[in-house]
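So the chains spell out like this:
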Amino acid sequence: FGLSAEQFGENLSANYAKHLPEDPMEDPLALAQEHVCAPDFPDAESVLSGVRYMLAKEIAASPIVRQHFRKGYQMEAKVFTEPTERGSREIDGTHAYMPIKRLHRKPLDLFRGTDQFLMITKAEREGLLHVKIELCAEEYNMIVDETKHLFLSTSTQLAAAEWNFHRLQVLTTVLRDHLYPIFAKEEYTRLVDEAVQYCLRQCVMRLERDCVRAPLMRDDLKNRPHDRRDRDRDPDEGVRILGISWPSIADHCTCALIDGSGEVVDFLTLTAPNVRLPRDFARTQRFRDGGVKTDRMKRKKRDVQALQRLIAAHKPDVIALGATGLHVNRVQEDFRTLYP
C-alpha cells in the first residue's frame with residue numbers, strides 16, 4: 001500500500017524522502033477485489049477503507065510521527081471561544097469574562113505568563129463559553145502540503161496517481177481523526193497547568209514579599225486612639241492581633257487572637273456571618289433593647305455580643321480582617337463601631 005509507519009517516521013526525521021513507496025502495477029480497486037470477503041468486507045471499496053484505517057492507526061501510534069506533528073500543532077494551533085446562549089445574555093461590557101468572550105485565532109504562545117486560560121476554563125465550567133483548540137484550514141493545508149511528499153510516490157504513472165490518492169487519504173486521516181484531537185486535549189491540559197503554575201508563582205512572590213516585611217511594633221501604634229486603654233501593659237510586649245476570616249456566603253466565621261510572640265490567646269466562632277450580618281452590627285443598640293424575634297437574628301445578636309466581649313477582654317492593637325466582595329467596606333465600618 002505504501003510506506004510503513006517506521007519508514008514514514010524516518011522520512012519525517014530526516015526531512016527528505018529516505019524511503020520511497022513502491023507502486024503496484026495493478027489498480028487499487030482491482031487489487032482490493034482479490035481480498036473481498038463477506039460479510040465484513042463485501043466489496044473492494046470496503047477493503048480499501050479498512051486498509052486505509054489500519055495503516056492510519058499504525059502511523060498515528062508511531063512516537064516519531066507524533067513528535068513531528070505535535071511540534072507543528074503547538075506552533076500553529078489557535079484558541080477560539082464563543083459564548084453560549086446563556087453567556088450571550090450574561091457577559092456584557094462590565095463582566096469579568098468580557099475580554100475572553102470571543103477569542104478568534106489566538107495563538108497558544110500568547111497565553112504564557114498569564115492566567116487568562118484559567119479564566120476561560122472557569123467560564124466554560126459555568127456554562128458561559130464554548131472553547132476550542134484547533135488548526136485553521138490554512139495551517140492544516142500547509143502542514144499536509146509540507147509532509148505529503150515524504151509519504152506519496154513521485155512516479156508519474158497512472159497507477160501511482162491512483163495509489164497516491166489513497167495514501168493522501170491515509171495521511172489526512174492520521175492528522176484529522178487520530179493525532180489532532182489528541183493534541184488538542186494535550187494543549188488544553190498544558191495551558192491549564194501553565195496558568196495554575198503562573199498563579200502559584202504569583203502567590204509565592206506575594207507571600208514572600210509580605211513575609212520579608214518587618215513585624216508591626218507597638219511604637220508604630222503609639223498615636224492610635226485606642227492605645228490609651230492599655231497603658232498598664234508591659235512595654236516590651238508585642239502587638240496583639242485579632243484575625244478574622246469573614247466569608248461572603250459561608251455559615252461560620254473564625255476569629256483568632258494572637259499575642260506578640262505569635263501564640264493563639266483566644267478564639268471565637270461566629271455562627272451567623274452571612275452577607276447581611278455586617279449591616280446589623282451597626283444596630284447593636286437595637287439588639288440590646290429587644291426586637292429580636294427570629295432564631296437567625298438571635299444568633300446574630302449573640303455573635304455581636306461575643307465579639308465585643310472578646311475585644312474588651314484582650315484589647316487587641318490591630319484587627320486584621322480577611323474578606324472579599326463589595327461588603328468588605330461595610331464590615332470595616334461596623335468593626336470600627338464595635339471597637340472605636
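In case you missed it, the structure is sitting above this.
The present account deals with the structure reproduced in this document. Because the structure is predicted, anything quoted here is derived from the model rather than measured. (Residues numbered from 1 in each chain as written. Predicted model: local features only at pLDDT ≥ 70, side-chain atom pairs only at ≥ 80, totals over all residues. Heavy atoms only, no water.)

Sheet architecture is open: three strands sit in the order S2-S1-S3, paired in antiparallel fashion. Two strands bound the open sheet, and with one partner strand each, they are strand S2 (106-107) and strand S3 (129-134). In the sheet, strand S1 (residues 78-83) pairs with S3 via six bridges, with the strands oriented antiparallel. Residue pairing in the sheet places proline 83 in a bridge with leucine 129 of S3. Most of the contacts of helix H8 (residues 158-211) go to S3, to which it runs at about 115 degrees, and overall it touches S1 and S3. (Pairing = 2+ DSSP bridges. Helix = DSSP H or I, 4+ residues; strand = E, 2+ residues; numbered from the N terminus. Contact = heavy atoms within 4.5 Å. Axes fitted to C-alpha atoms, helices over the stretch in contact; angles between N-to-C directions.)

Packing of helix H6 (residues 116-125) against H8 brings their axes to within 8 Å, and their N-to-C directions diverge by 115 degrees. Where H6 abuts H8, its residues Phe117, Leu118, Thr121 and Glu124 lie against Tyr188, Leu191, Val192, Ala195, Val196 and Cys199.

Under the definition given, this model contains eight aromatic pairs. Ring centres 5.2 Å apart and planes at 35 degrees place the aromatic pair tyrosine 73 and tyrosine 180 in the tilted group. Taken together, the residues span a long stretch of sequence, with tyrosine 73 in helix H4 (residues 63-76) and tyrosine 180 in helix H8 at a distance of 107 residues. Residue tyrosine 73 shares its accessibility class with tyrosine 180, and that shared class is buried. Relative to phenylalanine 117, the ring of phenylalanine 111 has its centre 5.5 Å away and its plane inclined at 85 degrees; by these criteria the two rings are edge-to-face. Overall, phenylalanine 111 belongs to the buried group, its relative accessible area being 4%. Since its relative accessible area comes to 1%, phenylalanine 117 is described here as buried. Put simply, the rings of Tyr73, Tyr140, Tyr180 and Phe183 pair up and form one aromatic cluster. The cationic tip of lysine 106 hangs over the ring face of phenylalanine 111; the distance from NZ or CZ to the ring centre is 4.7 Å. (Phe/Tyr/Trp six-rings, centres within 6.5 Å; stacked < 30°, edge-to-face > 60°. Buried < 20%, exposed > 50% of the residue type's maximum accessible area, 1.4 Å probe, protein only. Lys NZ or Arg CZ within 6 Å of the ring centre and 35° of its normal.)

Looking now at unusual backbone geometry. Unusually for a residue other than glycine, asparagine 15 sits at a positive phi of about 65 degrees. Mapped onto the elements of the fold, asparagine 15 is located in the loop between helix H1 (5-14) and helix H2 (28-33). The residue lysine 315 is not glycine, and still its phi comes out positive at about 45 degrees. Residue placement: lysine 315 occurs in the loop between helix H11 (295-314) and strand S7 (318-323).

Quick look at H8 now. Along its 54 residues, H8 runs 76 Å from first to last C-alpha, staying within 8% of the 80 Å computed at 1.5 Å per residue. The sharpest bend along H8 comes to roughly 45 degrees, located at leucine 179, with the proline proline 181 sitting one to four residues further on. (Expected span 1.5 Å × (residues − 1). Bend = angle between axes of the 7 residues up to and from the residue.)

Our next topic: the nonpolar core. Ranked by size, the top nonpolar core spans 43 residues in total, and within it Phe8, Ile59, Phe69 and Phe151 carry the most contacts. Among the secondary structure elements, those contributing two or more residues to this core are H1, helix H3 (44-60), H4, H6, S3, helix H7 (137-147) and H8. Counting residues per element, this core draws most heavily on H8, at ten residues. Setting aside residues up to four positions removed in sequence, phenylalanine 151 forms contacts with Leu3, Phe8, Pro21, Leu55, Ile59, Arg167, Val170 and Leu171. By size, the runner-up hydrophobic cluster in this structure holds 14 residues, among which are Leu242, Ala306, Ile311 and Phe335. (Core = buried A, V, L, I, M, F, W, Y, C linked by side-chain atoms within 4.5 Å.)

This part covers the pattern of salt bridges. Think of it this way: side chains of opposite charge can pair up when their charged atoms draw near. By the definition in use, this model includes 15 salt bridges. Ionic pairing is found between glutamate 90 and arginine 86, a salt bridge with its closest N-O pair at 2.8 Å. Placement of both glutamate 90 and arginine 86 in helix H5 (residues 85-90) is noted, with a separation of four residues, approximately one turn of the helix. Take arginine 86: its relative accessible area is 36%, and that puts it in the partly exposed class. Because the salt bridges share partners, they merge into one network encompassing Lys78, Arg105, Glu138 and Glu139. (Salt bridge = Lys/Arg side-chain N within 4 Å of Asp/Glu carboxyl O.)

So, on to the packing of H4 against H8. Packing of H4 against H8 leaves a shortest axis separation of 10 Å and a crossing angle of 65 degrees. The chirality of how H4 crosses H8 is right-handed. Every residue of H8 that contacts H4 at Val65, Arg66, Phe69, Arg70, Tyr73 and Gln74 is listed here: Leu171, Leu175, Leu179, Tyr180, Ile182, Phe183, Ala184, Glu186 and Glu187. Across the contact of H4 with H8, the residue classes tally to ten nonpolar, one polar and four charged. (Left-handed = near helix turned anticlockwise from the far one by under 90°. Nonpolar A, V, L, I, M, F, W, Y, C, P; charged D, E, K, R; others polar.)

Here we come to H1. Those residues of H1 that sit buried are Ala5, Phe8, Gly9, Asn11 and Leu12. An end-on view of H1 places all buried positions within 160 degrees of arc, on one side of the element. Of the residues in H1, the exposed ones pointing more than 90 degrees away from the buried face are Glu6 and Ser13. Tucked into the core, H1 has its buried residues touching H3, H4, H7 and H8. (Arc of directions from axis to C-beta.)

Time to look at the side chain of threonine 173. One can find threonine 173 in helix H8. Not counting residues up to four positions away in its chain, the partners in contact with threonine 173 are Ala56 and His178.

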